[in-house]
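# Reading the structure
The residues making up each chain are set out below.
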Amino acid sequence: MRLALLLPTLLVAFTALAGCAPTTEEADDTTGEDALRPSVSGSERAAVARTSTSGYRLEHPTPTGTRIFQAGVYWYGHQLEDMRYPQPRMCASNVSKVLFLGGVERYSAEGVYDLIRSVGTQGGRVHRLPQPKVVNGTLDKSAFIDALNAIDGGRIPVGTLVAGCLTPKCDAVAGEQHIGIVGQVDRDGTVWVWHNNWYRPENEGGQWKPHMIYSDRRELYEQAGLRRQWMATPWIKVKRRFWSDQIVDAKSALPAVDDMDPFGAAYGNVPKYHVTMVVLPELAADLAR
């Protein structure tokens, strides 16, 4: 759709949000509101099934994880078809939409806490990873890495949910949590997460930097005023023992997206956010086979 035709729709959407939605990077969640329950058509489901994952390297792919990943790639190209989604406070709604597109329809919530609780109460594996500690001026990641290894023997399965929250249980006030889905893993150990990204030039004094929203369609940010985009950004880079999958070290891959960074690299390696990883029951069943 041409930008000139898209602008009226965008302006209406942002007028409706102007009085209630902050525009900072920490405004990606709501609590106490009704969930935007996703709807998925048969044609959408068929399109997701045709979505290619060629060129992506997936960590321990399973049928469920691969379908969710396909859905995430599909949603990257189709989010703008429903202007409710590329907006602030919609991170959990976007994850819910992708799960539905991937054929997983038991979990839907607009808030991060509610989404995690929904999966957990239905048999999901909720891993609340210990926050790294600063000990004698050095960041101790050992407990975090041990917990990461406990999820799947050092592998980080595609389709796993990952949340960054200001509180350990993701139960803080609105705007202090974010959530996405583990996607591809590079050969150098960089793990990517798909999420409703907020990283944009206004977070960097007006400068364009890698992994910002709409980098290839800047008019959507500069002229249309969009401030969110479903896309993948690098999360952490892990180092493994060369003879096994066990992780021995990890570091921040994109500290600028601070609410997803377990190591607080943006704050001088002083962790601020807590990481929760959630393995859906459907994904856990695949991993157990």
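Residues numbered from 1 in each chain as written. Predicted model: local features only at pLDDT ≥ 70, side-chain atom pairs only at ≥ 80, totals over all residues. Heavy atoms only, no water.

## Observations regarding the state of the cysteines
Under the criterion given, the structure shown has one disulfide. Disulfide pairing places Cys165 opposite Cys170 at an S-S distance of 1.8 Å. For the disulfide bridge between Cys165 and Cys170, the dihedral angle about the S-S bond is near 85 degrees, and by the sign convention the bridge is right-handed. One exposure class covers both Cys165 and Cys170, and it is buried. You can see Cys91 has no disulfide; the closest cysteine sulfur is in Cys165, sitting 8.7 Å from it. (Disulfide = S-S within 2.5 Å. Buried < 20%, exposed > 50% of the residue type's maximum accessible area, 1.4 Å probe, protein only.)

## Considerations on the sheet that holds strand β8 (residues 247-252)
The seven strands lie next to each other as β1-β9-β4-β5-β6-β7-β8, forming an open sheet whose pairing is antiparallel. Only two strands of the sheet have a single partner each, and these edge strands are β1 (125-128) and β8. Put simply, the sheet's adjacent strands are angled 30 degrees from each other on average, direction ignored. As paired elements, strand β5 (residues 177-185) and strand β6 (residues 190-197) share four bridges and run antiparallel to each other. Bridge pairing links Val182 to Val193 in β6. Against the sheet, helix α8 (residues 281-288) engages β1 and β9 (274-279), with an angle of about 70 degrees to β9. (Pairing = 2+ DSSP bridges. Helix = DSSP H or I, 4+ residues; strand = E, 2+ residues; numbered from the N terminus. Axes fitted to C-alpha atoms, helices over the stretch in contact; angles between N-to-C directions. Contact = heavy atoms within 4.5 Å.)

## Regarding α8
Those residues of α8 that fall on the buried side of the exposure criterion are Pro281, Leu283, Ala284, Asp286 and Leu287. Lining the buried residues of α8 we find α3 (63-78), α5 (112-121), β1, α6 (142-152) and β9.

## Details of the pattern of salt bridges
One side chain can pair with another of opposite charge once the charged atoms of both are near each other. Going through the model one piece at a time under the given rule, you end up with 14 salt bridges. Measuring nitrogen to oxygen at the nearest pair gives 3.1 Å for the salt bridge that ties Glu282 to Arg106. In this pair, Glu282 is assigned in helix α8 and Arg106 in the loop between α4 (91-101) and α5, connecting sequence segments 176 residues apart. Given a relative accessible area of 22%, Glu282 falls into the partly exposed group. With a relative accessible area of 41%, Arg106 lands in the partly exposed category. (Salt bridge = Lys/Arg side-chain N within 4 Å of Asp/Glu carboxyl O.)

## Quick look at the packing of aromatic side chains
Taken as a whole, this structure holds nine aromatic pairs when the rule is applied. A ring pair is formed by Trp208 and Tyr221, whose centres lie 5.5 Å apart and whose planes are at 80 degrees; its orientation type is edge-to-face. Note that Trp208 is positioned in the loop between β6 and α7 (218-222) and Tyr221 in helix α7, a separation of 13 residues in sequence. Of the residues examined, Trp208 reaches a relative accessible area of 22% and is grouped as partly exposed. With a centroid separation of 4.9 Å and an interplanar angle of 90 degrees, the aromatic rings of Phe242 and Trp243 are classed as edge-to-face. A relative accessible area of 60% places Trp243 in the exposed class. The ring of Phe263 is capped by Lys141, whose NZ or CZ atom sits 4.9 Å from the centre of that ring. (Phe/Tyr/Trp six-rings, centres within 6.5 Å; stacked < 30°, edge-to-face > 60°. Lys NZ or Arg CZ within 6 Å of the ring centre and 35° of its normal.)

## Remarks on the layout of surface pockets
Considering only enclosed or pocket space, the largest pocket measures out at about 200 Å³ in volume. Lining the largest pocket are 13 residues, with Tyr76, Gly77, Leu80, Arg217 and Gln229 positioned closest to its centre. Elements represented by at least two residues in the lining of the largest pocket include exactly α3 and β7 (229-240). Residue contributions to the lining of the largest pocket peak at four residues, all from α3. Taken together, the residues that form the lining of the largest pocket break down as six nonpolar, four polar and three charged. (1 Å grid on protein atoms, 1.4 Å probe; cavity = no way out; pocket = protein on both sides within 12 Å on 5 of 7 lines; lining within 4 Å. Points joined across faces, edges and corners; volume = space filled by probe spheres on them. Nonpolar A, V, L, I, M, F, W, Y, C, P; charged D, E, K, R; others polar.)

## Notes on the nonpolar core
Nonpolar side chains tend toward joint burial in soluble globular proteins. In this structure, Leu99, Leu148, Leu161, Ile179, Trp235, Met277 and Leu280 are the most contacted members of the largest nonpolar core, which totals 69 residues. Those residues in contact with Met277, other than ones at most four positions away along the chain, are Arg125, Val126, His127, Leu129, Leu148, Ile151, Ile156, Thr160, Leu161, Val162, Val182 and Trp235. Counting residues in each nonpolar core, the second largest holds eight residues, with Met83, Ile213, Ala224 and Met231 among its members. (Core = buried A, V, L, I, M, F, W, Y, C linked by side-chain atoms within 4.5 Å.)

## Structural notes on empty space enclosed by the protein
A full pass over the atoms with the stated rule returns one cavity of 30 Å³ or more. Volume-wise, the largest cavity comes out at about 70 Å³. Lining of the largest cavity is provided by Val193, His195, Thr233, Pro234, Trp235, Leu254, Val257, Met260 and Asp261. Mapped by element, the contributors of at least two residues to the lining of the largest cavity are β6 and β7. The element best represented in the lining of the largest cavity is β7, accounting for three residues. Here the lining of the largest cavity is built from residues that sort into six nonpolar, two polar and one charged.

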